[in-house]
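Geometric and topological summary
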Amino acid sequence: MTRQVPSTCPYCGVGCGIVISVAGERIVWVDDQPGNLSSEGMLCVKGRFGTTFVNHRDRLATPLIRRGGELQPASWDEALDLVAMRFAEHRGRFGSFASAKATNEDAFIQQKFVRLVMGTNNIDHCTRLCHSPSVEAMLQQFGSGATSNSYSDYEASSCIMLVGCDPGSNHPVIASRMRRAIDTRGTRLIVVNPRRIDMCDRATIFLQSRPGTDVSLFNGMARAILDAGLANTGFIAARTEGYEAWLAAVREVTVEQCAEVCGVAAEDLRMAALLYANPPQLDAREPGSCLVWGMGVTQHTNGTDNAHALLNLALFTGQLGRPGSGVSPLRGQNNVQGCGDAGCIPDSLPGYQRYDEAVPAPFEELWGGGLPRVPGLKATDMVEQIAGGTIRAMYIVGENPLLSEPNLHHATELIRSLDFLVVQDLFLHETAQLADVVLPACSFAEKDGTFTNSERRVQRVRRAIAPVGESRPDWEIVCDIARRMCAHSGLDTRQFSYSGPAEIFAEMARLTPFLRGMSYERLDREGGLQWPCPEPGHPGTSYLYGESFPRGLGKFVPVRQAAAAEELPDTEYPLILNTGRMLYHWHGGTITRRVEALMERAGALPVAIHPDDAAAAGIVENDTVVLFSRRGRVSGAAVLTDSVRAGSVFIPFVRLGESAANFLTNSAYDAQSRIPEYKVCAVRIEKKRERKDAAGAPGIGRERA
């Protein structure tokens, strides 16, 4: 007999509502939820067909302990006793990665354990690798690090500007809502991307800029708006500060100079700027523009400057704080917003509460122990500081850094050298294979909790099937470790004794001002609420900054174009590599490679190359090619297309076969956010040559990818 369980999709940050059909503790079908306010009855291919990983034969079903160099099955008590003992030995040299795929409740408990029991703020999650520059810039300029508007605002807008993202592949349901606005309402679309994407077919203007030149592009747009007299002077005077210093930086360059740096036509740059600043009147509502961006903006050594340049443009035009406008960093993982909200970042407590002297007091009073005041290490710095001994033990939950870190050969050497590594996940992936202890966790379908999506909507996740094997929810595993350590830490074990996730959520809401009006009862009854929701009965908030910014006044931050990238093409490596996602896979592919229907659609790594570059290298369509960088090499199938600029190639960062993009990428970091420069590195491409001597030098089949 089949039963249906409403829940939330575990893939991207859109947060689509799903209905899971279950028979005999197996997922047999997934349908959409027509009443879901974020997805409105839509699902993409991953949401509808991509959940069979839950019952895959590769699922971890029992704890594993390394004995004699081999991972071997163990009991929970044996595994957790060992973990508790070794973690206690490594206080002061410990770091932890949380999971943006896990629930808010899982994340809240993990950061509580790291801070209260381990005495460190060394906790981070994958926002470090995707939108940390956006969060850093928004906190500095607005006082909040979240999307300011709702998906409904895209459909109420007169203009949408998409920058460095491909929602058709990465956030398909959002792309559908944007297409609906364009097709039925007449909303104008500006696309800024070094690669032509499907949404360009509906674009009014497409700016195919050079990678790493975003500051020039947006300063050039600001200069064009200034020259046309379209600055929102009333908004600037009443709601902002720092304007004159920023304006001086903008006046240093002309539109033509910026366009030349970016590789776009000056007239196109000017047209895009004026359309964003002065969108057309489409109905009785005040016309507005939505600014939407992705990792093409952030994954650079100048990523934070790029984000500042975007936000400056929104302040300059007053395109936020009302319906049909706003700023939207499209969040990648299903709960990357919630993981940050819950405190899994090294410089803030839950709710982005900074370490001012007064802030930790409510946490310490409720938790019965002192908290560290020194901000912790960011995720990329934790990995880099393994070599120097600052980090010698790690607890990695629901993350696979040996696919997600840049320069994977280097990252593998560092993580392999740890004294003690615990990995908690669904599968024995690349990082788990190096662990001393592996703990089997439940998937989204085997536990209750909440996710927070890209429009700040907190939604319920509901258990649909029994845990696979001996797997347990992440929060429950962390609590079990913590209780074993509490006695030696002078803490009350009741701090980690919960009746269930509803009690954890209640504690998180009590300590997080913008969640205080939420409860499981309300979420179940109302189907999801957008924060801030500061008190019971509050309806939630569809858009931010209507009257003021959390920091008071919005702040202009002057930025100037720096070097486009740490590593640029030369005679040995003459092409620029750009990376991103693809429709049929998710991130490194740890879960989607275990979905047969998706692998049938995309089982080999596509290498997109401009026809002119392909001809110069003697490459034709579907040739097996090899990409080389200074750090590694990967192979894939050539796709000849003019969607990429001449002089560049594009590959998705999923691992397919023995190839993964991050064996090529550069471990250079943005100074402020410490995000790696995934979007630009120098490569060369060759057609794969058949080896005459199979016993010769290592071939493609032996690549560490």
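Keep in mind it's a predicted model, so treat the numbers as computed, not measured.

Right, let's talk about the sheet that holds strand β3 (residues 26-32) for a bit. Across the sheet, which stays open at both edges, the three strands sit in the order β1-β2-β3 with antiparallel pairing between neighbours. In this open sheet, the two strands that pair with only one neighbour each are β1 (3-8) and β3. Taking the axes of each pair of neighbouring strands and ignoring which way they run, one obtains an average angle of 30° across the sheet. Across six bridges, the pairing between β1 and strand β2 (residues 17-23) is antiparallel. The residue bridging S7 from the neighbouring strand is I18, located in β2.

This part is about the environment of L43. Mapped onto the secondary structure, L43 falls in the loop between β3 and α1 (45-49). Sequence separation between L43 and C16 is 27 residues; the distance between their C-alpha atoms is 6.7 Å. Here L43 is in contact with C16, G17, I18, V30, D31, D32, R48 and V173, once residues within four sequence places are set aside.

As a further point, take the packing of aromatic side chains. A full pass over the atoms with the stated rule returns 22 aromatic pairs. Ring centres of Y11 and F53 lie 6.4 Å apart, and the angle between their planes is 80°; on these two criteria the pair is classed as edge-to-face. Within this pair, whereas Y11 is found in the loop between β1 and β2, its partner F53 is found in the loop between α1 and β4 (64-67), the two being separated by 42 residues in sequence. Classification of F53 by relative accessible area gives buried; the value is 3%. Taking 5.0 Å as the distance between ring centres and 70° as the angle between the ring planes, the aromatic pair formed by F87 and F94 counts as edge-to-face.

Take the sheet that holds strand β5 (residues 70-73) next. An order of β5-β4-β18-β17-β16-β6-β7 is seen for the seven strands of this open sheet, with the pairing classed as mixed. In this open sheet, the two edge strands, each paired with only one partner strand, are β5 and β7 (123-124). Bridge count between β4 and strand β18 (residues 437-440): two bridges; the pairing is antiparallel. Among the inter-strand pairings, L64 is bridged to a residue of β18, identified as V438. Each of β6 (94-97), β7 and β16 (393-397) is contacted by helix α3 (residues 104-117), which is oriented at about 175° to β6, the strand it contacts most. Against the sheet, helix α20 (residues 474-489) contacts β16, β17 (420-425) and β18, and its axis sits at roughly 155° relative to β16.

Moving on: the pairing of strand β9 (residues 188-192). The buried count for β9 comes to four of five residues, which makes it a mostly enclosed element. Here β9 pairs with strand β10 (residues 205-207) via three bridges, running parallel. What sits directly across from V192, in β10, is L207.

Our next topic: the domain arrangement of the protein. Under the domain assignment, the protein is made up of domain 1 (3-55), domain 2 (64-128 + 336-530), domain 3 (132-330) and domain 4 (575-696). Each of domain 1 and domain 3 was reduced to a C-alpha centroid, and the two centroids are 32 Å apart. Facing the twelve residues of domain 1 at the interface are eleven residues of domain 3. In total, domain 1 and domain 3 occlude about 810 Å² of area from one another, counting both sides; carbon and sulfur atoms represent 63% of this. The three residues of domain 1 that bury the most area against domain 3 are V14, E40 and M42, which together make up 52% of that side's buried surface. Scanning the region where domain 1 abuts domain 3 turns up two salt bridges. Note that E40 is salt-bridged to R180, the shortest N-O span being 2.6 Å. There are five residue pairs in polar contact (both at pLDDT 80 or more) connecting domain 1 and domain 3. Grouping the constituent residues of the side of domain 1 that touches domain 3 by class yields seven nonpolar, three polar and two charged.

Right, let's get into the pattern of salt bridges. Enumeration according to the criterion identifies 49 salt bridges in this entry. Among the salt bridges present, the one from D347 reaches R354, with a minimum N-O distance of 3.0 Å. The exposure class of D347 is buried, given its relative accessible area of 16%. For R354, a relative accessible area of 32% gives the class partly exposed. With a closest N to O distance of 2.9 Å, E476 and R472 form a salt bridge. Here the residues in one salt-bridge network are D77, D81, R472, E476, D480, R483 and R484, joined through shared partners.

This next bit is on the nonpolar core. Membership of the largest hydrophobic core comes to 63 residues, with the highest contact counts inside it found for F87, F113, Y395, L439, I481 and M518. With eight residues, α20 is the single largest residue contributor to this core. Grouped together as the second largest cluster of nonpolar side chains are 55 residues, L226, L269, A277 and V327 included.

Moving on, we get to the environment of G318. In this structure, G318 sits in the loop between α14 (303-317) and β13 (326-329). Excluding anything up to four places from it in sequence, G318 contacts N232 and F235.

For the bond running from W531 to P532, omega is 5°, close enough to zero to count as cis. Summarising the element assignment, P532 is placed in the loop between β21 (529-530) and β22 (554-555). Unusually for a residue other than glycine, Y545 sits at a positive phi of about 70°. Tracing the sequence through the fold places Y545 in the loop between β21 and β22. Positioned with a positive phi, R674 is a non-glycine residue whose angle comes to about 65°. Its place among the elements puts R674 in the loop between β28 (666-669) and β29 (676-677).

The subject of this paragraph is helix α19 (residues 408-416). For α19, the complete set of buried residues consists of L408, H409, A411, T412, L414 and I415. Where α19 is buried, its residues touch α17 (379-384), α18 (401-404) and β17.

Cut-offs and rules
Residues numbered from 1 in each chain as written. Predicted model: local features only at pLDDT ≥ 70, side-chain atom pairs only at ≥ 80, totals over all residues. Heavy atoms only, no water. Pairing = 2+ DSSP bridges. Helix = DSSP H or I, 4+ residues; strand = E, 2+ residues; numbered from the N terminus. Axes fitted to C-alpha atoms, helices over the stretch in contact; angles between N-to-C directions. Contact = heavy atoms within 4.5 Å. Phe/Tyr/Trp six-rings, centres within 6.5 Å; stacked < 30°, edge-to-face > 60°. Buried < 20%, exposed > 50% of the residue type's maximum accessible area, 1.4 Å probe, protein only. Domains from an automatic or database assignment. Buried area = accessible area lost by both parts, 1.4 Å probe. Salt bridge = Lys/Arg side-chain N within 4 Å of Asp/Glu carboxyl O. Polar contact = N/O pair within 3.5 Å; in protein donor to acceptor, adjacent residues only side chain to side chain. Nonpolar A, V, L, I, M, F, W, Y, C, P; charged D, E, K, R; others polar. Core = buried A, V, L, I, M, F, W, Y, C linked by side-chain atoms within 4.5 Å.

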